[in-house]
Amino acid sequence: MHDQLPALHALQKPIVAHDARFKVLACGRRFGKTTLAITEIQSALQHGAQVAYFAPTYRMVSEVWRILKRLNKPHTAHRSEDEHRIELINGGAVECWSLKAVDTVRGRAYDLIIIDEAAQFPNLEDAWNGAIRPLLTDRRGRAIFASTPRGRNFFYQLYLLGEDSTAPEWASFHAPTAANPFIAPSEILSAQSTMPARRFAQEYLAEFLADNSEVFRNVLAVSVLSPALASDFADNPRFVAGVDWGRAHDYTVMCVINADTRQEVALDRFNAVGWEVQRGRIKQLADKWRIDHIIAEANSIGEPNIQALQAEGLPIIGFTMTAKSKSPLIEALVLAIEKSDIQLIHDAVATGELLAYQTEQLKGGGWRYGAPTGGHDDTVIARALAWMAVHDHLPMLEISRENIFRRW
Ligand SMILES: Nc1ncnc2c1ncn2[C@@H]1O[C@H](COP(=O)(O)OP(=O)(O)O)[C@@H](O)[C@H]1O
Ligand SMILES: [Mg+2]
C-alpha cells in the first residue's frame, strides 16, 4: 500500500460516486475493496466525519490501522493505540474494530462505517442488526459492506437488498478480480489453473455459490478405464493407494493408482466382514501391486487397523479426516478431475458417487463436502487419498499434511 492513496481505478470510481446510503460490494479477491474503503474513510475524515472500520480478523484490522495512522499523521491531534482511534485536528475521528469485539462497541455514533470482508464473518446478521446498524442512527450515517462472497450467507441477503428496487437506500456492486487493472492477468490465469472451478468462481469471479451444487465436474470424461491386471505392467511403475474403511452400513474401499501415468488401475470395494479379513485383503492387494505408499483414513477404527498393517510391514500411513483437512483433500481430487490430470476406472457405483457428491454451506461460511443424505462416499474418499499419495508436494495439501502421522 502506498504512502499516498492511489487514484481509484475505473471500476472503483462509480462505486464511490454512487449516492446510496448502504453499499454492498461483492468483488473478487484483490479487486481493491480495502483500497476503496480507505479512500472513502479518508474523504469522510476530511469533512470532519466520525468513521469506523470493521473487519473479521485482528490481522486485517491492524493492517488498515497502520495505513490510517500513516495517512493521517500530518493532521492527527490525538491517537490511542489501545482503542485504535485517531482524532484529527478538524474534529474528524476514525476507529478500527474487530468484528469479534462488535458487542463491546457502545455509545458511539458514526457517519460512515466500513465492514470489510463482511461475508467472512459468521455472525454478520447479529453484528449488523444488533450492534452496528444502531451506531448509524444518530448521525444518519452510511455503511459500506465490501467482501468476496462466501456462499449464500447473510452477505448475499444484503447484496440482494441492493438489487431490490423497493429498498432505495441500498445499492449493490459486483466485480471480478480481473477488473483491477493493477493485477496481472497472468496471476489470475495461474490461480485459475491451480484451483477447482467452483472455488475460482467464488474467489476471483465473486459468484455467490449455491448450496448442494455439484462438486466434481468432467467426471464422465475421465472415467473411461477398465480395471488393469498387475501382470500388464512389466516396467515396475510406482503404485500408490488410498483406503477408506467401511463402517456399519458401508464399504471398505481401496483405490490403486499408477503414480507414473496417473491412471487408476484397481478399485476394490468390499463389505465389512471383520477387520482381520479386511486387512488381509488390503495386504493381498498391496503385495500384488507392490504398492509403495498407502494413505488410509485414520479416524476411529482406522488407526488400529493401520497400526496392525504397519506391524506387518505395509507402507501405510493414516490421514485424520476433520472438517478442516477434508476440504483440501477433496479439492485436490476435484481439480485433478477437472483438469483431466487423472483417469479413473468406469465403475457404476464409483462414478455415481462422484456425480452425486455435494457441498453444503456451513453457518461459519465454509463448505462441508459429503454424499447426499443416505448416499455413500467411500470410493470418493479412497480415490482422494490415493490421489494425495501420488503427490509429495501439492501446495493445496499442506493443511492436510498436518493430519498425517508417520509411525513406522
Ligand atoms: N486504484 C488503485 N490503484 C493502484 N493500485 C490499487 C488500486 N486499487 C487497488 N490497488 C492495489 O491492488 C491490490 C489489491 O487491493 P486491495 O485493496 O488490497 O484489494 P482487496 O481488499 O479487494 O483484496 C493492492 O496491491 C492494492 O494496492
Ligand atoms: Mg481487502
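## A word on helix 5 (residues 154–163)
Residues Phe154, Phe155, Tyr156, Leu158, Tyr159 and Gly162 constitute the buried set of helix 5. On its buried face, helix 5 sits against strand 1 (22–27), helix 4 (124–132), strand 7 (142–147) and strand 8 (170–175).

## Structural notes on the sheet that holds strand 5 (residues 93–98)
Two strands in a sheet stick together by hydrogen bonds in their backbones, pointing the same way (parallel) or opposite ways (antiparallel). Strand order in the open sheet formed by eight strands is 3-4-5-2-6-7-1-8, and the pairing between neighbours is mixed. In the strand order of this sheet, the two ends are held by strand 3 (76–80) and strand 8, each with one partner. Going across the sheet, the axis of each strand differs from the next one's by a mean of 15°, ignoring polarity. Along the sheet, helix 3 (residues 58–72) contacts strand 2 (50–55), strand 3, strand 4 (85–88), strand 5 and strand 6 (112–116); its crossing angle with strand 5, the most-contacted strand, is approximately 165°.

## Here's the deal with the site of ligand 1
Around ligand 1 lies a shell of 14 residues, among which Ala7, Arg30, Lys33, Thr34 and Thr35 are the nearest. Contacts to ligand 1 include arginine 30, whose backbone N or O atom sits 2.9 Å from an oxygen atom. In this structure, glycine 32 approaches ligand 1 through a main-chain N or O atom, which is 2.9 Å from an oxygen atom. In isolation ligand 1 has 560 Å² of accessible area, and contact with the protein removes 85% of it.

## Overview of the side chain of lysine 326
Mapped onto the elements, lysine 326 comes out in helix 11 (residues 323–338). Lysine 326 sits in the buried class, given a relative accessible area of 17%. At 3.1 Å, the side chain of lysine 326 forms a polar contact with the backbone oxygen of tyrosine 369.

## A few points about the confidence of the model for the protein chain
Looking at the protein chain as a whole, its pLDDT mean stands at 91, while 93% of the residues score no less than 70. Here residues 393–408 is a poorly scored stretch, pLDDT under 50, and it has 44 contacts once near neighbours within four places are set aside; other chains count.

## What about the layout of surface pockets?
What the second largest pocket holds in volume is close to 260 Å³. Around the second largest pocket sit 12 residues that line it, and Gln42, Gln46, Leu71, Asn72 and His75 are the ones nearest its centre. Listed by contribution, the elements that provide at least two residues to the lining of the second largest pocket are helix 2 (33–46) and helix 3. Class assignment of the residues belonging to the lining of the second largest pocket gives a composition of four nonpolar, six polar and two charged.

## Structural notes on the pairing of strand 10 (residues 239–244)
Most of strand 10 is tucked away: six of the six residues are buried. Burial along strand 10 is two-sided: Phe239, Ala241 and Val243 and Val240, Gly242 and Asp244, pointing in opposite directions, are all buried. In this sheet, strand 11 (residues 251–258) lies alongside strand 10 in antiparallel orientation, the contact comprising six bridges. Counted as the bridge partner of alanine 241 is valine 256 from strand 11. Where strand 10 lies against strand 13 (residues 293–297), four bridges are found, and the strand directions are parallel. Residue alanine 241 lies in a different strand from strand 13, and its bridge partner there is isoleucine 294.

## Some details on the environment of alanine 37
Tracing the sequence through the fold places alanine 37 in helix 2. A relative accessible area of 0% places alanine 37 in the buried class. Sequence separation of alanine 37 and glycine 242 is 205 residues, and the distance between their C-alpha atoms is 47 Å.

## Topic: the packing of helix 9 (residues 275–289) against helix 10 (residues 302–311)
To describe two helices that pack against each other, one gives the angle between their axes and the distance between the axes. Two elements in contact, helix 9 and helix 10, have axes separated by 11 Å at closest approach and are oriented at 50°. Here helix 10 runs oblique to helix 9, going by the angle between their axes. The element helix 9 and its partner helix 10 pack so that their crossing is right-handed. Contacts between helix 9 and helix 10 pair Trp275, Arg279, Ile282 and Lys283 from the former with Asn305, Ala308 and Leu309 from the latter. Taken together, the residues that form the contact of helix 9 with helix 10 break down as four nonpolar, one polar and two charged.

## Brief notes about helix 9
Taking 1.5 Å of rise per residue, the 15 residues of helix 9 would be expected to cover 21 Å, and the 21 Å separating its terminal C-alpha atoms lies within 8% of that figure. Every buried residue of helix 9 is listed here: Gln278, Arg279, Ile282, Leu285, Ala286 and Trp289. End-on, the buried residues of helix 9 take up no more than an arc of 125°, which puts them together on one face. Opposite the buried face of helix 9, by more than 90 degrees, sit the exposed residues Glu276, Val277, Gln284 and Lys288. On its buried side, helix 9 packs onto strand 10, strand 11, strand 12 (263–271), strand 13 and helix 10. Of the residues one or two after helix 9, arginine 290 is the one with positive phi, at around 45°.

## Observations concerning unusual backbone geometry
Most peptide bonds take the trans form, and the phi angle of most residues other than glycine is negative. For arginine 30, which is not glycine, the phi torsion reads 65° and is therefore positive. Along the chain, arginine 30 turns up in the loop between strand 1 and helix 2. In this model, histidine 84 sits at a positive phi of 50°, which is unusual for a non-glycine residue. If you trace the backbone, histidine 84 turns up in the loop between strand 3 and strand 4.

## As for empty space enclosed by the protein
Left-over empty space is what a probe sized like a water molecule reveals as it rolls over the atoms. Overall, the coordinates contain one cavity of 30 Å³ or more when judged by the stated rule. By volume, the largest cavity is sized at about 90 Å³. At the level of secondary structure, the elements contributing two or more residues to the lining of the largest cavity comprise helix 7 (197–203), helix 11 and strand 17 (367–370). When residues of the lining of the largest cavity are assigned to their parent elements, the largest contribution, three residues, is made by helix 7.

Cut-offs used in this document
- Along each chain, numbering runs from 1 in the same order as the chain's sequence is written.
- A letter from A marks each chain and a number from 1 marks each ligand, given out in the order of writing.
- With pLDDT at 70 or above as the cut-off, local features in this predicted model cover only qualifying residues; side-chain atom pairs require 80 or more to be listed or tallied, and sums for whole chains, interfaces and linings still use all residues.
- Based on all heavy atoms of the structure, the side-chain values leave hydrogens and waters out of the count.
- Each residue's exposure class comes from its accessible area (1.4 Å probe, protein chains only) as a fraction of the maximum for that residue type: buried when under 20%, exposed when over 50%, partly exposed otherwise.
- Runs of E in the DSSP output that reach at least two residues are strands. Runs of H or I that reach at least four are helices, and both are numbered from the N terminus.
- Contacts: residue pairs with any heavy atoms within 4.5 Å of one another.
- Pairing between strands requires that DSSP locate at least two bridges from one strand to the other.
- Fitting a line to C-alpha atoms yields each axis, with helices limited to the stretch in contact; the angle taken between N-to-C directions then spans 0 to 180 degrees.
- Being near a molecule or strand, for a residue, means having at least one of its heavy atoms within 4 Å of it.
- Definition of a polar contact: a pair of N or O atoms within 3.5 Å, with one able to donate and the other able to accept a hydrogen when the atoms are protein atoms, and with sequence-neighbouring residues admitted only if both atoms are side-chain atoms.
- Areas reported as accessible are Shrake-Rupley estimates using a 1.4 Å probe. Residue values count occlusion only from the protein chains shown.
- Predictor confidence is given residue by residue as pLDDT, running from a minimum of 0 to a maximum of 100.
- Grid spacing is 1 Å over the protein atoms alone, the probe is 1.4 Å, and a cavity is where that probe fits but cannot get out, while a pocket is an open set with protein on both sides within 12 Å along at least five of seven lines and lining residues have an atom within 4 Å of a point.
- Grid points are joined across faces, edges and corners, and a volume is the space filled by probe spheres set on the points.
- We call Asp, Glu, Lys and Arg charged. Ala, Val, Leu, Ile, Met, Phe, Trp, Tyr, Cys and Pro are nonpolar, and the rest, Gly among them, are polar.
- Should an angle fall under 35 degrees it is called roughly parallel, over 145 degrees roughly antiparallel, and 65 to 115 degrees roughly perpendicular, with every other angle called oblique.
- Rotating anticlockwise by less than a right angle from the far helix to the near helix defines a left-handed crossing, while the corresponding clockwise rotation defines a right-handed one.
- The span you would expect from a helix comes to 1.5 Å times its residue count less one.
- The directions from the helix axis to the C-beta atoms are what the arc is built from.

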